[in-house]
Amino acid sequence: MVLLHRFSLLLFKPSCRGLLKLRVCRNLLIFTWKHHGLSSFPRILGVRQVSVSSAQASLFCPGGRGDGNIKEKLSLQDVASLLKNKQCQRVVVMAGAGVSTPSGIPDFRSPGSGLYSNLQQYDIPYPEAIFELDYFFQNPKPFFLLAHELYPGNYRPNSAHYFLRLLHDKGLLLRLYTQNIDGLERVAGIPPSKLVEAHGTFATATCTVCRRSYAGQEFRVDVMEGRVPQCPVCTGLIKPDIVFFGEELPQRFFLYLADFPLADLLFIIGTSLEVEPFASLASAARSSIPRVLINRDLVGPFISQSPRYNDVTQLGDVISGVETLVSLLGWTEELRELIQRETEKLDAQQKDS
């Protein structure tokens, strides 16, 4: 993990550019797969090996064509065409609270309506305390009252989640990086192998004393009935695997060191890009690939850096932005049918439970 961190720092240095960045990424991938006893990374990731000259062309020439011409600004229609024509097949998505708020889940930071603005009911000294370990050990009750509200099963995915599911079903999704802890990506049918839940998940939990791991469903009844779950082995507090302030990020987060150099399209959907290190991922992809922001406002590098010809913004309501893209892709009927099937499944599960 220390070596991975050093690679990460090197990749974000301004001096790490061009062929040097290519070599760092290549050496990192080789180290990662060999460290885990896996076969060569091209075979695992399903990509062909490329020559150094081809890689240089991709790094230095927008679009990888190396024709030296100034490129016209991309549009959402252009991005849709790239996907339809299979010119982009390794899509990475960064998703934030704006993807889940249409399902009824409040975000954390919106003034007046966000979770941090409405935590007075939990009788805590300040809003952020609910995600601090010291306060959790002193008084875990407020966190589990909040967990009762956010726990998987209380909310359902919306069309944005199912659009991401369609990307997976069509073999286009390399990875989905989400800031959300509500688990709606899993409910929508995106497999855990395709997910990086950067801020943790309720799907698993860990005893804070003996460190035994548990499935989240094992203590769902306790949470729903207002009890603080305790380990049946040592009676220690069981904490969902949500990342609290000061805790390390999940190890899967560091998959970005392999994923982002491989990505050929980046979607950034419903996030303020204010929380690090997640926010920096928006600048981790190659400058030659399109970045598509579907968001209420301009955020992160879309306002702090010079615009790229291949940056595309679809501002306003997130669901409307996603549905606009779906329409351009010609997937509207597929999305409708997917939502109907999955809704019927969830209805049946709810009826049986």
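Per-chain numbering applies: the sequence of each chain, read as written, is numbered from 1 onward. Side-chain atom pairs in this predicted model are given and counted only at pLDDT of 80 or more, local residue features only at pLDDT of at least 70, and totals for whole chains, interfaces and linings cover all residues. To obtain the side-chain values, all non-hydrogen atoms of the structure were included, while hydrogens and water were left out.

1. Details of the sheet that holds strand S2 (residues 173-178)
- The pairing criterion for strands is at least two bridges between them, as found by DSSP. In this text, helices come from DSSP runs of H or I with a minimum length of four residues, and strands from runs of E with a minimum of two, each type numbered from the N-terminal end. Taken in spatial order, the 6 strands line up as S3-S2-S1-S7-S8-S9 in an open sheet, and their pairing is parallel. Edge strands, defined here as strands with exactly one partner in the open sheet, are strand S3 (195-197) and strand S9 (311-315). For this sheet, the mean inter-axis angle between neighbouring strands, taken without regard to orientation, is 15 degrees.
- The sheet contact formed by strand S7 (residues 265-269) and strand S8 (residues 291-295) spans 4 bridges and is parallel. Only the stretch in contact is used when a helix axis is fitted, and all axes are lines through C-alpha atoms; the angle between N-to-C directions ranges over 0 to 180 degrees.

2. As for the packing of helix H5 (residues 76-84) against helix H14 (residues 318-329)
- The interhelical angle for the contact between H5 and H14, taken along N-to-C directions, is 55 degrees, at an axis separation of 9 Å. Taken together, the axes of H5 and H14 lie oblique to each other. Both H5 and H14 take part in a crossing whose hand is right-handed. Where H5 abuts H14, its residues Leu76, Gln77, Ala80, Leu83 and Lys84 lie against Thr324, Leu325, Leu328 and Leu329.
- Broken down by class, the residue content of the contact of H5 with H14 amounts to 6 nonpolar, 2 polar and 1 charged. Roughly parallel here means an angle under 35 degrees, roughly antiparallel means over 145, roughly perpendicular means 65 to 115, and every remaining angle is called oblique. Helix crossings fall into two classes, left-handed where the near helix is turned counterclockwise from the far one by less than a right angle and right-handed where it is turned clockwise. Here a residue-residue contact requires only that any non-hydrogen atoms of the pair lie within 4.5 Å. Residues are grouped as follows: Ala, Val, Leu, Ile, Met, Phe, Trp, Tyr, Cys and Pro are nonpolar; Asp, Glu, Lys and Arg are charged; all remaining types, including Gly, are polar.

3. Thoughts on the pattern of salt bridges
- Only one rule defines a salt bridge in this text: a Lys or Arg side-chain nitrogen within 4 Å of an Asp or Glu carboxyl oxygen. Summed over the entire model, instances satisfying the criterion amount to 13 salt bridges.
- In this structure, Arg227 engages Asp222 in a salt bridge whose closest nitrogen and oxygen atoms are separated by 2.8 Å.
- Connected through shared salt-bridge partners, Arg165, Asp169, Glu342 and Lys345 make up one network.

4. Looking at the sheet that holds strand S5 (residues 213-215)
- Taking strand neighbours across the sheet as the criterion, the 3 strands line up as S5-S4-S6 in an open arrangement whose pairing is antiparallel. Across the chains shown, the open sheet's two edge strands, defined by having one partner strand only, are S5 and strand S6 (238-242). Strand-to-strand twist across the sheet, computed as the mean angle between neighbouring axes with direction ignored, equals 40 degrees.
- Both strand S4 (residues 200-207) and S5 contribute to a ladder of 3 bridges, which runs antiparallel. Pairing of Thr206 across the sheet is with Ser213, part of S5.
- Helix-sheet contacts for helix H8 (residues 141-150) involve S4 and S6, and the interaxial angle to S6 is about 55 degrees.

5. Overview of empty space enclosed by the protein
- Here a cavity means grid points, on a 1 Å grid over the protein atoms only, where a 1.4 Å probe fits yet cannot get out; a pocket means an open set of points with protein on both sides within 12 Å along at least five of seven lines; lining residues are those with an atom within 4 Å of a point. Grid points are joined across faces, edges and corners, and a volume is the space filled by probe spheres set on the points. Taken as a whole and judged by the stated rule, the model has 1 cavity of 30 Å³ or more.
- Looking at the largest cavity, its volume works out to about 40 Å³.
- The wall of the largest cavity is formed by Ile105, Leu150, Tyr151, Pro152, Gly153, Asn154, Tyr155, Asp182, Leu184 and Val187.
- The residue inventory of the lining of the largest cavity, partitioned by class, reads 7 nonpolar, 2 polar and 1 charged.
- All domain edges in this entry derive from an automatic or database-based domain assignment. Taken together, domain 1 (74-102 + 158-199 + 251-352) and domain 2 (106-154 + 200-242) each give at least three residues to the lining of the largest cavity, which thus spans both.

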